[in-house]
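Below are the chains, spelled out letter by letter.
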Amino acid sequence: MTLTGENTTIVLDSTADFPEAPERFPNWRVVPLYVLFGDESYRDYVDLSPEEFYGRLRTSAELPTTSQPTPGDFLTTYEELSGYERIYSLHLSAALSGTYQSARTAAMELGDKVRVVDSESASAAIAMLGLAIQRRLDRGTTDDEIDKLVARFKEDAGLIFTVDTLEFLRRGGRIGRASAWAGTLLHVKPILTIEREVIPLKRVRGNQKAMQEFVSAFTSATEDSPTLKVGIAHADAPERAEQLKRMVHAERPHAEVEIVTTLGAVVGTHAGPGTVGFFWFDDRE
Amino acid sequence: MTDRVRVQELAHGALASLEANRQRIDDLNVYPVPDGDTGTNLTMTARSVVDELDRTTTEDRAGLVKEVTRAALMGARGNSGVILSQIIRGAAETLRTNGEVDAHTVAAAFRSASDAAYRAVRQPVEGTMLSVIREMAEEGENAESDGLTKEELLIRLVRRGEEAVARTPEQLEVLREAGVVDAGGAGLLEIVRGLAATAAGEPLPQAPTQREEITIEAFHQDLSPYRYCTTFVIEGDELDSEKIEHELEQLGDSLLVVGDPEALKVHVHTDEPGRALAVGTRAGVIDRVEIANMHEQTVQRERRLLEAVPAAQPSSTGVVAVVAGNGNRRLFESLGTTKIVEGGQTMNPSTAELVDAIEAMSAAEVVLLPNNSNVVLSAEQAAGLSDKLVTVVPTDSLPAGLAAMVAFDSARSAADNAAAMNEVVEGIRTGEVTMASRDVELNGLSVRKGAWLGLANGTAVAGGSDFDDVAAAVAERLLEEPRDVMTLLTGADEPELEDLLRRIQEAHPLLELDVQAGGQPHYPLLLSAE
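What comes next concerns the included structure. Note that the structure is a prediction, hence the values are computed from the model and not measured.

## Thoughts on the sheet that holds strand 3 (residues 34-37) of chain A
Residue and element names in this part refer to chain A.
So, step 1. Strand order in this open sheet of three strands is 4-3-5, and the pairing throughout is antiparallel. Of all the strands in the sheet, just strand 4 (40-43) and strand 5 (65-67) have a single pairing partner and so form its edges. Direction aside, neighbouring strands of the sheet carry axes that sit 30° apart on average.
So, step 2. Pairing of strand 3 with strand 4 involves four bridges; the strand directions are antiparallel. Bridge pairing links Phe37 to Glu40 in strand 4.

Below, the structure written as structure tokens:
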């Protein structure tokens, strides 16, 4: 079967931090996770925008928690897409969230129509995988080709991020091996990545040093090319995102910055304000 | 009694049993993500089924099965809830056709439930809900020939479930390390216990009573040696979050200060909640104060949870550092220093003390940080005398040692660490302010006994009676080339730095200032720029 934008749809969860997806692509949908302040539950990006969330984080005495979508949430979305023949459902690393499990459980209701993908990554990386699939849908593609793309994406896509404090990752149980760095009294910037789970890379002092680490990781892994795609995500830190964008233009002038986004409430709950993530993938054919 | 009423009764019994144990099950939750919500998720999932049954007027079996299955799927919260929804589906499907529900039907329902649960998970892991439902299914099949009633069979399944739950730590390492049984399995057992009691017309067994009230449970997934979890909001004008953070850091750990200049939210684990609140009232108006005593059990749970976090790579390298001052000791320890030897200016440790410290380490390789030029030699001697692989990074000051520690990674070899540390240390400039112990003439600078003396990179650069002027001159010298971060370690006498910090910040608006209470003797202020 030839897959196109007419017969194939892409479903993300809200941790892809790509809320405008359904406006940009008629065949895309986003299923929200939940943010809970005490007993009050909000759908990520639907009932609670990132701006409202960071505002609330400042003033609420209670710190939020999060919850994955129910299988029912996915099933409802999949059923609304009954006009399509194929659904690609792309999700947050299964090691970080049960979202993938919920999607998979719902997909089982619909036979083999839905293909659920564990991105083994987070945030803009998931959206960028979707965009790479969409580029193939636009010219016609096959399941086999998409399988190969997904495998290469997991292997080659780059992700590096830094947080202002590891406390948020620790509190939510997502700190992984970076736990050895928690509780540092000196102000240090941990440089982290995600390979299924959070992996510590290095710690440095100061935002400038952190930026230099981003630059050297990026330039040592990439070549300048129009196929090089870049994503930037930040939690309440637009000036750092802007700085990264300028850096990309200087270092890799032909690359396309295809996503600059704010981290939504769910990812923000676990990473905390001041987090900056940087993503790249060379989508050569 | 109609099928609908009967199934309503059973579902209420299962939910009540689960709810009575919800908190306990939350506390057990370390797998797959230690976020303490398994009991809550299972309860919410079961409640969505009960709510649907309370609403429905459907009387036929097939219709009820369909509604229950859908309600479980739509209401499933969390990973454990999703698996529970599949267990419910599998069980419900065997009850679709009309006829007497006997022991045979119950056994078939558990088999079908187990199969459905395994199908739902991509990579089934033993020591979880899955192994508990599977063992119950096996028990049901084994008991077929014993001629039990369905009530008797359910009681046998509960017994087998108890054994299966107790075995989960043998099957899953993360549970064994944390000293807990699997939360999802424990929840499933309570559901079946509730079903068995309701089916037999007996009251629900008492839930274990040794539960703690955890008022701000969300905070307590981290390890803290402190007693009080303290949270409050500070409201005011132009609140300085960094300054407040710095003051609170001295009081405890698990610190979070988030917000904007008008409102900051503070969370800190401390033994002195009063002092923490005082930091708030000095800066503005405090509101929404919550102080929770983290009981011993909570602290133990936190310890379990932290230990259950996937282990860092086995540490192959440790650090021995020569440090003076309690604050500095804590700074070095928080960055991963394994062993501190007391010492520094005018109290240099002996080579033997350093060798003892090295030999006492469990790591096979050691990085040694002398942190004082007078200690470098004995450090090198100690390195030569030890049987371990010891590398000396010749740090000549405490700030240089701290900068080196930032680059430390216990998973790498001592040689790799030393290379990374040396690179950082080469890029750092250090200075100090001390009191002249006699009249001195240094580099054309004459300083009277008792006056302040400022040194930058080992060279006297300023002297005089005004502490701020001398310290500012040292800072300027360190900042001759652009730098990102300046660290200031205050000495045992804790000098007042407010004016000095303002002067530095005005001259270097982009510079990040990190002020820490070092507590070292002789030097009211140690500085570094990197």
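## Examining the interface of chain A and chain B
For an interface, size is often stated in terms of accessible area lost upon the parts coming together.
So, step 1. With 43 residues of chain A at the interface, the matching set in chain B holds 51 residues.
So, step 2. Of the residues forming the side of chain A that touches chain B, the biggest block, four residues, is contributed by helix 4 (residues 99-107) of chain A.
So, step 3. The residue inventory of the side of chain A that touches chain B, partitioned by class, reads 13 nonpolar, 20 polar and ten charged.

## A word on the pairing of strand 9 (residues 429-435) of chain B
Across a regular strand the side chains alternate sides, sitting on one face of the sheet and then on the other.
All names here are of chain B.
So, step 1. Across the seven residues of strand 9, five count as buried, placing the element largely inside the fold.
So, step 2. Pairing of strand 9 with strand 16 (residues 525-529) involves five bridges; the strand directions are antiparallel. Bridging across to strand 16, Thr430 finds its partner in Ser528.
So, step 3. Where strand 9 meets strand 12 (residues 452-456), five bridges bridge the pair, whose relative direction is antiparallel. Within strand 12, the position partnered with Val433 by the bridge is Gly454.

## A word on the packing of helix 4 (residues 61-75) of chain B against helix 5 (residues 78-94) of chain B
Any two packed helices are characterised by the angle at which their axes cross and by the distance between the axes.
Residue and element names in this part refer to chain B.
So, step 1. At a minimum axis separation of 8 Å, helix 4 and helix 5 run at an interaxial angle of 170°. Classed by the angle they form, the pair helix 4 and helix 5 counts as roughly antiparallel. Residue-level inspection shows Val65, Val68, Thr69, Ala72 and Leu73 of helix 4 in contact with helix 5, the latter providing Ser85, Ile88, Arg89, Ala92 and Glu93.
So, step 2. In the contact of helix 4 with helix 5, the residues fall into six nonpolar, two polar and two charged.

## So, the nonpolar core
All names here are of chain B.
So, step 1. In terms of nonpolar packing, the biggest core is built from 237 residues, with Ile133, Leu368, Ala404 and Val474 touching the most fellow members.
So, step 2. Counting residues per element, this core draws most heavily on helix 10 (residues 183-199), at ten residues.
So, step 3. Beyond its immediate chain neighbours, meaning those up to four positions away, Val474 contacts Gly431, Val433, Gly454, Leu455, Ala456, Val461, Ala462 and Leu527.

The rules behind these values
- Residues numbered from 1 in each chain as written.
- Chains lettered and ligands numbered in written order.
- Predicted model: local features only at pLDDT ≥ 70, side-chain atom pairs only at ≥ 80, totals over all residues.
- Pairing = 2+ DSSP bridges.
- Helix = DSSP H or I, 4+ residues; strand = E, 2+ residues; numbered from the N terminus.
- Axes fitted to C-alpha atoms, helices over the stretch in contact; angles between N-to-C directions.
- Contact = placed C-beta atoms within 7 Å.
- Nonpolar A, V, L, I, M, F, W, Y, C, P; charged D, E, K, R; others polar.
- Buried ≥ 20, exposed ≤ 12 C-beta atoms within 10 Å, placed from the backbone.
- Parallel < 35°, antiparallel > 145°, perpendicular 65-115°, else oblique.
- Core = buried A, V, L, I, M, F, W, Y, C linked by C-beta atoms within 7 Å.

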